[in-house]
Amino acid sequence: QVQLVESGGGLVQAGGSLRLSCAASERTFSSYTRGWFRQAPGKERTFVAAIRWSGGSTSYADSVKGRFTISRDNAKNTVYLQMNSLKPEDTAVYYCAASRRRVWVPTTPNEYDYWGQGTQVTVSS
């Protein structure tokens, strides 16, 4: 069964850093665009960042640009989200996802085919 498994969430003070990881169960995902989304209570799931299968192209939501960095290690079937200068408004459940589509850049949830279970990130003020 194809799986994406996130880890690395937790509680951090404003201004701190966290690194999220998302491991894929199959090497097939090395050819997929990988993305991160987040969902705060009572709000829709929104795009955070994406990285192309080759790792050569990345895209970020304006709200995280300059603070978050997405990267991938295809040999490990893993994508990372380094989050620096965290703010209370970054508090959400973070989901990793994989898209088979060749369009760049997929930024809506329905453009992604596989999802992880989510990991909670809480930023205290």
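All values reported here derive from a predicted model rather than from experimental measurement.

Each value, and the rule that gives it
- Residues numbered from 1 in each chain as written.
- Predicted model: local features only at pLDDT ≥ 70, side-chain atom pairs only at ≥ 80, totals over all residues.
- Heavy atoms only, no water.
- Helix = DSSP H or I, 4+ residues; strand = E, 2+ residues; numbered from the N terminus.
- Rg over C-alpha atoms; globule rule 2.2 N^0.38 Å.
- Areas by Shrake-Rupley, 256 points an atom, 1.4 Å probe, with all protein chains shown as cover.
- Salt bridge = Lys/Arg side-chain N within 4 Å of Asp/Glu carboxyl O.
- Buried < 20%, exposed > 50% of the residue type's maximum accessible area, 1.4 Å probe, protein only.
- Core = buried A, V, L, I, M, F, W, Y, C linked by side-chain atoms within 4.5 Å.
- Contact = heavy atoms within 4.5 Å.
- Pairing = 2+ DSSP bridges.
- Axes fitted to C-alpha atoms, helices over the stretch in contact; angles between N-to-C directions.
- Disulfide = S-S within 2.5 Å.
- Polar contact = N/O pair within 3.5 Å; in protein donor to acceptor, adjacent residues only side chain to side chain.

Quick look at the overall build of the chain now. Counting secondary structure elements, the chain contains zero helices and eleven strands. Secondary structure of the chain in N-to-C order comes out as β-β-β-β-β-β-β-β-β-β-β. The C-alpha radius of gyration of the chain comes to 13 Å, within 12% of the 14 Å expected for a compact globule of 125 residues. Here the chain displays about 6200 Å² of accessible surface, and carbon together with sulfur accounts for 45% of that area.

Where side chains of opposite charge bring their charged atoms close, a pairing between them can arise. Summed over the entire model, instances satisfying the criterion amount to five salt bridges. Ionic pairing is found between Arg-38 and Asp-90, a salt bridge with its closest N-O pair at 2.9 Å. Pair noted here: Arg-38 is in strand β4 (residues 33-39) and Asp-90 is in the loop between β8 (78-83) and β9 (92-99), with a separation of 52 residues, a long-range link. Residue Asp-90 is classed as buried on the basis of its relative accessible area of 1%.

This next bit is on the nonpolar core. With 32 residues, the main nonpolar core has Trp-36, Val-48, Phe-68, Ile-70, Leu-81, Met-83 and Tyr-94 as its most contacted residues. Taken together, the elements giving at least two residues each to this core come down to β3 (18-24), β4, β5 (46-51), β7 (68-73), β8, β9 and β11 (119-124). Setting aside chain neighbours within four positions, we find Val-48 in contact with Trp-36, Phe-37, Arg-38, Ser-59, Tyr-60, Ala-61, Val-64, Phe-68, Leu-81 and Tyr-94.

Moving on, we come to the sheet that holds strand β1 (residues 4-7). Hydrogen bonds between backbone atoms are what pair the strands of a sheet, whose relative direction is either parallel or antiparallel. Spatially, the four strands line up as an open sheet ordered β1-β3-β8-β7, and their pairing is antiparallel. Sheet topology places β1 and β7 at the edges, where each strand pairs with a single neighbour. Between one strand and the next, the sheet's axes are offset by a mean angle of 15 degrees, whatever the strand orientation. Summarising the sheet, β1 and β3 pair through four bridges and their orientation is antiparallel. Counted as the bridge partner of Glu-6 is Cys-22 from β3.

Right, let's get into the state of the cysteines. Counted under the stated rule, the structure contains one disulfide. Across the disulfide from Cys-22 sits Cys-96; the S-S distance is 2.0 Å. In this structure, the disulfide formed by Cys-22 and Cys-96 twists by about 50 degrees around the S-S bond and is classed as right-handed. With Cys-22 in strand β3 and Cys-96 in strand β9, the pair connects residues that are 74 residues apart, well separated along the chain. Exposure remark for Cys-22: the relative accessible area of 0% places this residue in the buried category.

Polar contacts involving the side chain of Asp-90 include one to the side chain of Arg-38, which spans 2.9 Å. At 2.8 Å, the side chain of Asp-90 forms a polar contact with the backbone nitrogen of Lys-87. With sequence-adjacent residues up to four places away left out, Asp-90 is seen in contact with Arg-38, Arg-67, Phe-68, Ser-85, Val-121 and Val-123.

Taken across its seven residues, β4 has six buried, putting it largely inside the fold. By the bridge criterion, seven bridges tie β4 to β9 in an arrangement that is antiparallel. By the bridge assignment for β9, Arg-34 is matched with Ala-98. When β4 meets β5, the two strands line up antiparallel, connected through five bridges. Counted as the bridge partner of Gly-35 is Ala-50 from β5. As consecutive antiparallel partners, β4 and β5 are separated by six residues, and within that stretch Gly-42 has a phi angle of approximately 75 degrees, a positive value.

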